[in-house]
Each structure stands twice: as C-alpha cells, then as structure tokens.
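Observations on the model geometry
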Amino acid sequence: PYFISVAAWSLGSIYRSMFILGSIFEQMLYNGDGRSTKDANAYVRVFNALILVSTFLTPFFGFFVDRFGLAPAFTLVNVL
C-alpha cells in the first residue's frame, strides 16, 4: 500500500513539475520583465542542473524515508 500511494503521489508531482519545467524557456520569454533569450537560456540551464542534482540526492531521501518514515520525509521535501 505504501508503494502505491508513493507512486501515485510521485506521478502527480512529477507530471506537474515536468510540465512547468519543460516549458520554462517559453514562459520566461513571453512573461516579459525584460528577459532576453540569453537570460532565459541561462535560467533553463540552472533548472536542468537542479534536476541532475536531485538524482544524486534520491538515495539520501530513500535513507531518510527508511529511517524516519514517509510523512516526515515528505514534510522535509515540502519545507525545503
């Protein structure tokens, strides 16, 4: 039951996040605030780097879940 609940939660969270991050370049260009294409590309690179870093942090999150439980782990993720 825990795996199914985590899988469903992850599907919803990841799908929403990837939709936002996948279109971040267009959002930055069309949102205004004086951003150029060069600025938007720089921000997209930062977002992509954060996604890569998260893959290395996943085992530590798994350890945290094993040690402290699912609810404290999700609380920590949402606070950060």
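Scroll up a little and you will see the structure.
In this report, we go over the structure that sits alongside the text. Because the structure is predicted, anything quoted here is derived from the model rather than measured. (Residues numbered from 1 in each chain as written. Predicted model: local features only at pLDDT ≥ 70, side-chain atom pairs only at ≥ 80, totals over all residues. Heavy atoms only, no water.)

Structural notes on the environment of serine 13
- Position of serine 13 relative to the elements: it lies in helix α1 (residues 2–22).
- By relative accessible area, which is 15% here, serine 13 ends up buried. (Helix = DSSP H or I, 4+ residues; strand = E, 2+ residues; numbered from the N terminus. Buried < 20%, exposed > 50% of the residue type's maximum accessible area, 1.4 Å probe, protein only.)

Some details on the environment of phenylalanine 74
- Relative to the helices and strands, phenylalanine 74 is located in helix α4 (residues 70–79).
- Between the C-alpha atom of phenylalanine 74 and that of phenylalanine 47, which follows or precedes it by 27 residues, the distance is 21 Å.
- With near-sequence residues (within four places) excluded, phenylalanine 74 lies in contact with Val6, Trp9 and Phe61. (Contact = heavy atoms within 4.5 Å.)

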